[in-house]
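Residue-level structure breakdown
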Amino acid sequence: MDIIRNKSLVNLNTFGMEVYAERFVTIHSEKELLTALEVYSKERINILGGGSNILLTKNLEGLTLKNEIQNIQITFEKEEEVFVAVGGGVPWHQFVLWAIEHNYGGIENLSLIPGSVGAAPIQNIGAYGVELKDVFEKLEAIDLKTKEHLVFEKKDCEFGYRDSIFKRALKGRFLITKVHFKLTKKHQINIGYGAIQQTLSEWEILNPTIQDVSKAVIHIRKSKLPDPAEIGNSGSFFKNPEIGKEHFEKLKKQFPPIVSYPLPNGQIKVPAGWLIEQAGWKGKRRGDAGCHEKQALVLVNYGAAKGSEIYTLAMDILESVKAKFGIDLTPEVNIW
Ligand code: EPU
């Protein structure tokens, strides 16, 4: 176990923030994790996954653990399904590519999402009509306080829209070592999302395979979302808010082109990207902190922005959306 003091995290967070971890250890196995927890039992612990859903605004005190637990393993197969256990440190898209290559379905719509497999359940990652919870079986995690190895079944995780118990009551309490998925051998293609349909029809693909869907999703994401390797960002900065019917009807009168998605619970989901664009932020830039020109929901670091500058921009956007539409936006990104 190698401990690095004052480790720069600039290459370990997709916003590209230059902050330092007081002590830093890379974790390759559960055994290594238990040793680190033994040695540093009194330290404050920070867990870093892919660093793709986090805005670092200051140096990290205590011990920062980078989850690098690898391995993808088939645990069980049925005629139409396959059960797979994946190390928490495996990059999410690497797992998607493995599944596509082996013709295992269920996560093709989640292609090219940055981040690690261990972080994916924390915010129940989702895109193009599919969420992690749809393919999730269970996860294994170590309690950082008691060092116990626990298994969380789907119901224990309390998954919601970009949400789980690991973002609320159990925040910061566990390191997720392994996630178990149920993938399909007999596929159920999900191309209900307009942009996927449109891309496939442009490509003249009538009966898409999971490989086609994955390619279409990659194409759409690349055309809309900035590549963190080129421009620092953490994907959608805010969640799409849900509002009541009365509030929505009032807004519809005032802003007839408002985009909306009715939900089964009677609430209306309104895309935060639309609200932010209407509030005049799309493409705006303050120094190196900006609101992306193609997707207003994504805040970007053009080079040397500080975490605090992105944070201030986010708070100003939040206030102006509140003033114009009476809607409270909530950050999706974790702010440290
Ligand atoms: N819109 C605008 N202006 C913008 C951006 C969006 O008017 O600048 C409108 C679009 O025209 C469209 C609607 O908002 O009518 C929705 O836009 P889009 O399809 O791009 O999706 P989103 O709601 O902005 C969500 C997820 C994304 C996910 C896409 C596709 C959240 C917070 N974000 O974005 O997830 O890729 O749907 O499923 O739910 C992420 O979580 O980091 C992420 C990128």
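Quantities reported herein were computed from a predicted structural model and do not represent experimental measurements.

Some points on the nonpolar core
Counting residues in hydrophobic clusters, the biggest one holds 43 residues, and the most contacted among them are Trp 92, Phe 95, Ile 107, Leu 139, Phe 181 and Leu 183. Elements that contribute at least two residues to this core include exactly β7 (81–87), α2 (92–101), β10 (136–143), β12 (174–184), α4 (194–202) and α5 (210–224). It is α2 that provides the largest number of residues to this core, a total of 6 residues. Beyond its immediate chain neighbours, meaning those up to four positions away, Leu 139 contacts Pro 121, Leu 150, Val 151, Phe 152, Cys 157, Phe 166, Ile 176, Lys 178 and Val 179. Counting residues in hydrophobic clusters, the runner-up holds 41 residues, among them Ile 54, Phe 255, Ile 317 and Val 333.

Here we look at the site of the ligand
Taken together, 24 residues lie near the ligand, and Tyr 128, Tyr 161, Tyr 193, Asn 240 and Glu 277 sit nearest. Measuring from an oxygen atom of the ligand, one finds a side-chain N or O atom of Gln 295 at 3.0 Å. Protein contacts shield 82% of the accessible area of the ligand, which totals 820 Å² for the unbound molecule. Where the shell around the ligand is concerned, the elements lending two or more residues are β8 (126–127), α5, β13 (232–236) and α7 (272–278).

Some thoughts on α5
Relative to the 21 Å expected for 15 residues at 1.5 Å per residue, α5 spans 21 Å between its end C-alpha atoms, a close match to the ideal helical length. Looking only at α5, the buried set comprises Ile 210, Asp 212, Val 213, Ser 214, Ala 216, Val 217, Ile 218, Ile 220 and Arg 221. Lining the buried residues of α5 we find α2, β8 and α4.

Describing the sheet that holds strand β2 (residues 20–27)
Strand order across the open sheet formed by 4 strands is β1-β2-β5-β3, with mixed pairing between neighbours. Here the strands that pair on one side only, and so sit at the sheet edges, are β1 (3–8) and β3 (45–48). Neighbouring strand axes in the sheet, compared pairwise and without regard to direction, differ in orientation by 40° on average. Bridge count for β1 against β2 is 5 bridges, and the pairing is antiparallel. When the bridges of β2 are listed, Arg 5 appears paired with Arg 23.

So, the packing of aromatic side chains
This model, assessed by the stated rule, comprises 15 aromatic pairs. Seen from their ring centres, Phe 76 and Phe 83 are 5.7 Å apart, and the 50° between their planes marks the pair as tilted. The class for Phe 76 is partly exposed, based on a relative accessible area of 47%. Here Phe 83 falls in the buried class, since its relative accessible area comes to 13%. Taken together, a centroid distance of 4.8 Å and an interplanar angle of 35° make the contact between Phe 95 and Phe 181 tilted. Placement of Phe 95 in helix α2 and of Phe 181 in strand β12 is noted, with a sequence separation of 86 residues between them. Each member of the pair Phe 95 and Phe 181 is classed as buried. Three or more aromatic residues joined by ring pairs make a cluster, and in this case those are Trp 92, Phe 95, Trp 98, Tyr 104 and Phe 181. Taking NZ or CZ as reference, Lys 7 lies 5.3 Å from the ring centre of Phe 24, over its face. Sitting over the face of the ring of Tyr 302, Arg 285 holds its NZ or CZ atom 4.0 Å from the ring centroid.

Remarks on the sheet that holds strand β16 (residues 268–269)
In space, the 3 strands of this open sheet follow the order β14-β16-β15, with antiparallel pairing throughout. Across the chains shown, the open sheet's two edge strands, defined by having one partner strand only, are β14 (242–243) and β15 (261–262). Relative to β16, β15 runs antiparallel, the two being bridged by 2 bridges. Looking at β16, one finds that Pro 262 is bridged to Ile 268.

Overview of the layout of surface pockets
What the second largest pocket holds in volume is close to 570 Å³. Classifying every residue of the lining of the second largest pocket by side-chain character gives 11 nonpolar, 11 polar and 4 charged. Two domains each provide a minimum of three residues to the lining of the second largest pocket, namely domain 1 (4–67) and domain 2 (72–184).

Observations regarding the environment of Ala 304
Along the chain, the position of Ala 304 falls in the loop between β19 (298–301) and α8 (307–325). We classify Ala 304 as exposed; its relative accessible area is 60%. Distance from Ala 304 to Trp 92, taken between C-alpha atoms, is 27 Å for residues 212 residues apart in sequence.

Here we look at the pattern of salt bridges
Per the stated rule, a full pass over the model turns up 16 salt bridges. With a closest N to O distance of 3.7 Å, Glu 81 and Lys 78 form a salt bridge. A relative accessible area of 22% means that Glu 81 is categorised as partly exposed. Because the salt bridges share partners, they merge into one network encompassing Lys 78, Glu 81 and Lys 182.

Examining the domain arrangement of the protein chain
Once the domains are mapped, the protein chain shows domain 1 (4–67), domain 2 (72–184) and domain 3 (232–335). Counting the surface lost from both domain 1 and domain 3, the interface buries some 1000 Å², and carbon and sulfur atoms represent 54% of this. Three residues stand out in domain 1 for area buried against domain 3, namely Phe 15, Asn 53 and Leu 55, and they jointly supply 61% of the buried area on that side. Summed over the shared surface of domain 1 and domain 3, the result is 0 salt bridges. Applying the counting rule to domain 1 against domain 3 returns 7 residue pairs in polar contact (both at pLDDT 80 or more).

Criteria and cut-off values
Residues numbered from 1 in each chain as written. Predicted model: local features only at pLDDT ≥ 70, side-chain atom pairs only at ≥ 80, totals over all residues. Heavy atoms only, no water. Core = buried A, V, L, I, M, F, W, Y, C linked by side-chain atoms within 4.5 Å. Buried < 20%, exposed > 50% of the residue type's maximum accessible area, 1.4 Å probe, protein only. Helix = DSSP H or I, 4+ residues; strand = E, 2+ residues; numbered from the N terminus. Contact = heavy atoms within 4.5 Å. Near = heavy atom within 4 Å. Polar contact = N/O pair within 3.5 Å; in protein donor to acceptor, adjacent residues only side chain to side chain. Areas by Shrake-Rupley, 256 points an atom, 1.4 Å probe, with all protein chains shown as cover. Expected span 1.5 Å × (residues − 1). Pairing = 2+ DSSP bridges. Axes fitted to C-alpha atoms, helices over the stretch in contact; angles between N-to-C directions. Phe/Tyr/Trp six-rings, centres within 6.5 Å; stacked < 30°, edge-to-face > 60°. Lys NZ or Arg CZ within 6 Å of the ring centre and 35° of its normal. 1 Å grid on protein atoms, 1.4 Å probe; cavity = no way out; pocket = protein on both sides within 12 Å on 5 of 7 lines; lining within 4 Å. Points joined across faces, edges and corners; volume = space filled by probe spheres on them. Nonpolar A, V, L, I, M, F, W, Y, C, P; charged D, E, K, R; others polar. Domains from an automatic or database assignment. Salt bridge = Lys/Arg side-chain N within 4 Å of Asp/Glu carboxyl O. Buried area = accessible area lost by both parts, 1.4 Å probe.

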